[in-house]
Amino acid sequence: MRTDTVLKVEAMDILLDTLGLVDAERFISMVKRDTFDYTEWQRNLWETQSIDEIHEAATKFEQTHV
């Protein structure tokens, strides 16, 4: 398992690479000021998909990101 510091650095690198500096900063600002409930979000995230559909999507993602 990664340390908290390593995880933060890797996550920031991903945000910067994907969004660029300005949008990465905007995203972080939005998350900090939002009353976002991660647990509730996860609970509802996949409610319309079956476990087979989720598995298929994860498998496709893994195959294209190796």
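Residues numbered from 1 in each chain as written. Predicted model: local features only at pLDDT ≥ 70, side-chain atom pairs only at ≥ 80, totals over all residues. Heavy atoms only, no water.

Notes on the overall build of the protein
Here comes step 1: Counting secondary structure elements, the protein contains 3 helices and 0 strands.
Here comes step 2: What you see in the protein, going N to C, is helices and strands ordered as α-α-α.
Here comes step 3: Looking at the protein as a whole, 3% of its 66 residues qualify as buried. (Helix = DSSP H or I, 4+ residues; strand = E, 2+ residues; numbered from the N terminus. Buried < 20%, exposed > 50% of the residue type's maximum accessible area, 1.4 Å probe, protein only.)

Details of the environment of tryptophan 46
Here comes step 1: Mapped onto the elements of the fold, tryptophan 46 is located in the loop between helix H2 (38-45) and helix H3 (51-64).
Here comes step 2: In this structure the C-alpha to C-alpha distance between tryptophan 46 and glycine 20, which are 26 residues apart in sequence, comes to 28 Å.

A short note on the pattern of salt bridges
Here comes step 1: Summed over all chains, the structure comprises 4 salt bridges.
Here comes step 2: Between glutamate 40 and arginine 43 there is a salt bridge; the shortest N-O distance is 2.8 Å. Taken together, the residues glutamate 40 and arginine 43, both in helix H2 and 3 residues apart, mark about one turn of the helix. (Salt bridge = Lys/Arg side-chain N within 4 Å of Asp/Glu carboxyl O.)

Quick notes on H3
A turn of α-helix holds 3.6 residues, and therefore any two residues three or four places apart point the same way.
Here comes step 1: Taking 1.5 Å per residue as the helical rise, H3 with its 14 residues ought to reach 20 Å, and the 20 Å between its terminal C-alpha atoms agrees with that figure.
Here comes step 2: Among the 14 residues that make up H3, 0 are buried, leaving the element largely open to the surroundings. (Expected span 1.5 Å × (residues − 1).)

Brief notes about a nonpolar patch on the surface
Here comes step 1: Taken together, the side chains of Phe36, Tyr38, Trp41, Leu45 and Trp46 present a nonpolar region at the surface, about 530 Å² in accessible area.
Here comes step 2: Positionally, phenylalanine 36 belongs in the loop between helix H1 (4-33) and H2.
Here comes step 3: Exposure remark for phenylalanine 36: the relative accessible area of 45% places this residue in the partly exposed category. (Patch = residues over 30% accessible without salt bridge, like charges linked within 9 Å, V, L, I, M, F, W, Y side chains within 5 Å. Areas by Shrake-Rupley, 256 points an atom, 1.4 Å probe, with all protein chains shown as cover.)

Topic: the confidence of the model for the protein
Here comes step 1: Averaged over the protein, the pLDDT score is 91; the fraction of residues at 70 or greater is 100%.
Here comes step 2: Per-element confidence in the protein ranges from a low mean pLDDT of 86 for H2 to a high of 94 for H1. (pLDDT = per-residue confidence, 0-100.)

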